[in-house]
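The chain contents come next:
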Amino acid sequence: MIEEQISSLSDSICAVEEELQKHSVPFLSSYKDTQSRARAQSSVSDPQLVSGALIDVAKHPGNLSFRVWEKMKEKVHFSPVILDPNTASGWLYLSDDLTSVRLGDTKQQLPDNPERNTYSANVFGSEGFSSGKHSWEVQVGDHPEWNLGLSKESVDRKGKCFVSPINGFWCLTHKAMENTIMVMSLQRIRVQLDYDRGEVSSMTLNMTHIYTHRDTFTEKLFSFFSVGNAGDAKTSDIKICQTEI
């Protein structure tokens with residue numbers, strides 16, 4: 001159809017050009033006829049937009065950042081605590097995403113930087129807390145030996161130090177001994193800090209309260225993890241659980 005219209009328009013142009021070759025008087029006398037013929041042959045109408053032909057601009061850029069965030073939160077995983085590899089003992093092996101830790105069979109040769117734990121198999125979280133409320137959950141499974149909680153920034157990291165509040169540690173300690181019966185299957189532990197009220201609490205997955213340390217905090221606190229030998233347990237890694245955004 002377009003080719004036919006182009007051909008018709010070309011014929012009209014040729015006809016008008018022929019008329020222009022005539023003298024002025026004959027051209028003027030036949031001008032109206034030429035104009036009518038050209039209009040009849042060139043009947044191409046202006047394009048008309050139908051409803052829905054345009055892109056729905058409001059639908060796509062409108063609230064764009066919010067809709068991108070909604071889609072991303074289904075794919076992005078968030079861990080409330082990230083382990084600090086610069087504080088990890090050489091005996092501890094951290095996952096690539098810094099959310100789980102296990103005790104290894106051999107000691108790694110790591111720099112003896114001031115913040116590193118060199119005597120005990122300890123590691124701290126990367127973020128310190130000096131106010132507010134904070135909580136995170138740790139998957140312990142059937143691992144028999146661990147400590148979870150918080151510690152002062154100034155605790156001794158180079159020598160032998162018993163994990164207790166008097167030494168700047170507020171933790172839940174778990175050590176399965178031979179010939180003992182475990183009354184409670186822990187599996188997953190929630191650690192809660194209320195810095196301003198001076199409370200560090202531990203509870204199970206079903207929110208069963210285990211213990212609350214009460215003290216007066218005067219310096220920055222860091223999440224604390226100590227891991228012992230897993231032995232024959234199915235769970236060898238202590239893992240910080242991801243939470244919904």
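As annotated in an unreviewed UniProt entry, the chain carries the name B30.2/SPRY domain-containing protein and comes from Maylandia zebra.

A. Inspection of the packing of aromatic side chains at higher detail. Under the criterion given, the structure shown has six aromatic pairs. Among the aromatic residues, those joined into a cluster by ring pairs are F124, F169 and F224. Its guanidinium or amino end placed over the ring of Y93, R102 lies 4.9 Å from that ring's centre, counting from NZ or CZ.

B. Region of the structure containing the environment of G128. Within the secondary structure, G128 sits in strand 3 (residues 122-129). Note: C-alpha distance between G128 and F222 (94 residues apart in sequence) is 4.7 Å.

C. Main features of the nonpolar core. Ranked by size, the top nonpolar core spans 28 residues in total, and within it L148 and F225 carry the most contacts. For this core, the secondary-structure elements that each account for two or more residues are strand 3, strand 4 (133-141), strand 5 (145-152), strand 6 (169-175), strand 7 (187-194), strand 10 (221-227) and strand 11 (238-240). Apart from the residues within four sequence positions on either side, L148 is in contact with V138, V140, W170, C171, L172, I189, V191, F224, F225 and I238. Grouped together as the second largest cluster of nonpolar side chains are seven residues, V155, C161, C171 and F222 included.

D. Representation of the sheet that holds strand 1 (residues 92-94) within the structure. The strand order across the open sheet formed by seven strands is 1-2-11-4-7-8-9, and the pairing between neighbours is antiparallel. Edge positions in the open sheet fall to strand 1 and strand 9 (209-214), since each of these has one partner strand only. The sheet shows a mean angle of 20 degrees between the axes of neighbouring strands, taken without regard to direction. Pairing geometry for strand 7 and strand 8 (residues 199-204), over six bridges, is antiparallel.

About the cut-offs
Residues numbered from 1 in each chain as written. Predicted model: local features only at pLDDT ≥ 70, side-chain atom pairs only at ≥ 80, totals over all residues. Heavy atoms only, no water. Phe/Tyr/Trp six-rings, centres within 6.5 Å; stacked < 30°, edge-to-face > 60°. Lys NZ or Arg CZ within 6 Å of the ring centre and 35° of its normal. Helix = DSSP H or I, 4+ residues; strand = E, 2+ residues; numbered from the N terminus. Core = buried A, V, L, I, M, F, W, Y, C linked by side-chain atoms within 4.5 Å. Buried < 20%, exposed > 50% of the residue type's maximum accessible area, 1.4 Å probe, protein only. Contact = heavy atoms within 4.5 Å. Pairing = 2+ DSSP bridges. Axes fitted to C-alpha atoms, helices over the stretch in contact; angles between N-to-C directions.

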